[in-house]
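# Understanding the architecture of this molecule
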Amino acid sequence: MQWRDLDKTDARPMLDWLSDEAVTAGLSGSYTTATLQDAEAFLCQAREAAAEVHKAIVTDEGEYVGMVSLRHINEPEETAELAIVVRSEFFGRGYAWFGVVSMLKYAFEQLDMHSVYWCIKPENQRAIHFFEKHGFNSPDSDIPAIIKQRHCSENDPVWFVAIRGDDFENKLLSKGAVAGCPIVRIKTIPTVEAGELSFFEGGKDIPFDIKRIYYISKVPEGIRRGFHAHRNLKQLLFCPYGKIQLILENASVREEVELSDPSVGVLITEPTWREMLWLQKDSVLCVAASDYYDPADYIRDYAEFKGYVAKDSKQQTL
Ligand code: T46
């Protein structure tokens, strides 16, 4: 996934989301009557607007996915407002997160902003859940009056903020666990101007002896794998190259984490449903496992998994 400046050829795919209720229902303003000329006029204006930055989010193949913007860039106050929109066929594939992270980095690193704000209509639960899941929130009282004022016609918007210096990419990592699976730092030794070396030792750095190592490579972007749990197998998963989203579910929660740092891994030692989404082509998923390959250890049926972990957690509470 990539971003680039807006281009006039974006008008047609833009019209796609402008006429898509699944996207526009969550936005303020009415777009149902927008025409190709409106989209072209917007692109023309957006490229020239002062105090605004707009970027197109595109696939590695160059297909237009959506748009991310910084508006009301206030240099003296070092504040700006963020907006993002993604075509519905790209929902749940990591593009929104990519757009948000890229634009926040741009705001803090290139434009020297201090705070970036955005608000979501309360009925847009999908977007609210998305930002909360990534660790963002903000009490209403933290929002500067001038920014709130611009949204006074909206009913009780839910506010979010990112502050310069926030480790927003790793907010979830700082939680320490995903669906009960610990997120672990893998020992890593930097060598001056020659990269870094990471290592872990079975039984010492991870709570099991390693009987098997496997890795998954050459996966195109957007592909999902996994969709199973293990009864007994314990594993450490890490991504030495690229970016992979790991979706984990235990008896009570379903959570996700992005693996992109070679010195971060996720330890799965309890029966946990897993799905892996390749956010970047050619990313590599490496796994150190506590046992030899055994097809009988897999639970590949989701309903069976839910029954299996429900029984397990009932036993633990008895
Ligand atoms: C897991 C996630 C993270 C073997 O023959 N030996 C092996 O050690 C493994 C791991 C797989 N295989 C065979 C079984 C299938 O015919 O390789 C084929 C692909 O395996 P699968 O569809 O299970 O791959 P993923 O990516 O869905 O899941 C894998 C692991 O299997 C699983 O244990 O936790 O990665």
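### Some remarks on the nonpolar core
- Counting residues in hydrophobic clusters, the biggest one holds 34 residues, and the most contacted among them are L70, L82, L104, V116, W118, F131 and F136.
- At the level of elements, β2 (53-58), β3 (64-74), β4 (79-86), α4 (95-110), β5 (115-120), α5 (125-133) and β6 (158-163) are the ones that each hand at least two residues to this core.
- Counting residues per element, this core draws most heavily on α4, which supplies nine residues.
- Those residues in contact with F131, other than ones at most four positions away along the chain, are I84, V100, W118, I120, F136 and F160.
- In terms of nonpolar packing, the next biggest core, distinct from the first, is built from 20 residues, A179, I183, V264 and I268 among them.

### Details of the pattern of salt bridges
- Per the stated rule, a full pass over the model turns up 15 salt bridges.
- Here E249 makes a salt bridge to R254, at a shortest N to O gap of 2.9 Å.
- Of the residues examined, E249 reaches a relative accessible area of 5% and is grouped as buried.
- Among the ionic contacts, a cluster of salt bridges with common partners joins D16, E63, R87 and E89.

### Brief notes about the site of the ligand
- Around the ligand, a shell composed of 14 residues is seen, among which R212, R225, H230, Q235 and Y298 lie nearest.
- At 2.8 Å, a side-chain N or O of Q235 approaches an oxygen atom of the ligand.
- For the ligand, whose free accessible area comes to 650 Å², the fraction covered by protein is 69%.

### Details of the pairing of strand β15 (residues 254-259)
- Pairing between strand β14 (residues 244-249) and β15: six bridges, direction antiparallel. Bridge pairing in β15 places E249 opposite R254.
- The loop that links β14 with its antiparallel partner β15 comprises four residues.

### Comments concerning the sheet that holds β5
- Ordered by their spatial adjacency, six strands build an open sheet running β1-β2-β3-β4-β5-β6, and the pairing between neighbours is mixed. Looking along the sheet, the strands with just one partner apiece sit at the ends: β1 (2-5) and β6. Across the sheet, the mean angle separating the axes of adjacent strands is 30° when strand polarity is ignored.

### Quick notes on the domain arrangement of the chain
- Looking at the chain, the domain boundaries give domain 1 (2-163) and domain 2 (171-317).
- Computed from C-alpha coordinates alone, the two centres of domain 1 and domain 2 are separated by 32 Å.
- In this assembly, 12 residues from domain 1 lie in contact with 10 residues from domain 2.
- When domain 1 packs against domain 2, close to 920 Å² is buried across both sides, 43% of that on carbon and sulfur atoms.
- Among the residues of domain 1 in contact with domain 2, D60, R93 and K133 are the three that bury the most area, contributing 45% of the side total.
- Our count for the domain 1 to domain 2 interface comes out at two residue pairs in polar contact (both at pLDDT 80 or more).

### Quick notes on the packing of aromatic side chains
- Under the criterion given, the structure shown has 15 aromatic pairs.
- For the ring pair W118 and F136, a centre distance of 5.2 Å and an interplane angle of 75° mean the geometry is edge-to-face. Note that W118 is positioned in strand β5 and F136 in the loop between α5 and α6 (145-150), a separation of 18 residues in sequence.
- Seen in terms of ring centroids, Y302 and F305 are 6.4 Å apart; in terms of plane orientation they differ by 40°. Their pairing is tilted. You can see Y302 and its partner F305 sitting in helix α8 (residues 302-317), three residues apart, about one turn around the helix.
- Residue class for Y302 comes out partly exposed when judged on its relative accessible area of 36%.
- Its relative accessible area of 0% is what places F305 among the buried residues.
- Chaining the aromatic ring pairs together yields one cluster made of W97, W118, F130, F131, F136 and F160.
- Above the ring of W3, the side-chain terminus of K55 is found at 5.4 Å from the ring centroid.
- Here the basic side chain of K55 rests over the ring of Y106, its NZ or CZ set 5.8 Å away from the ring centre.

### Looking at the environment of E61
- Mapped onto the fold, E61 is located in the loop between β2 and β3.
- Remark: the alpha-carbon pair of E61 and P157, spanning 96 residues in sequence, is separated by 36 Å.

Criteria and cut-off values
- Residues numbered from 1 in each chain as written.
- Predicted model: local features only at pLDDT ≥ 70, side-chain atom pairs only at ≥ 80, totals over all residues.
- Heavy atoms only, no water.
- Core = buried A, V, L, I, M, F, W, Y, C linked by side-chain atoms within 4.5 Å.
- Buried < 20%, exposed > 50% of the residue type's maximum accessible area, 1.4 Å probe, protein only.
- Helix = DSSP H or I, 4+ residues; strand = E, 2+ residues; numbered from the N terminus.
- Contact = heavy atoms within 4.5 Å.
- Salt bridge = Lys/Arg side-chain N within 4 Å of Asp/Glu carboxyl O.
- Near = heavy atom within 4 Å.
- Polar contact = N/O pair within 3.5 Å; in protein donor to acceptor, adjacent residues only side chain to side chain.
- Areas by Shrake-Rupley, 256 points an atom, 1.4 Å probe, with all protein chains shown as cover.
- Pairing = 2+ DSSP bridges.
- Axes fitted to C-alpha atoms, helices over the stretch in contact; angles between N-to-C directions.
- Domains from an automatic or database assignment.
- Buried area = accessible area lost by both parts, 1.4 Å probe.
- Phe/Tyr/Trp six-rings, centres within 6.5 Å; stacked < 30°, edge-to-face > 60°.
- Lys NZ or Arg CZ within 6 Å of the ring centre and 35° of its normal.

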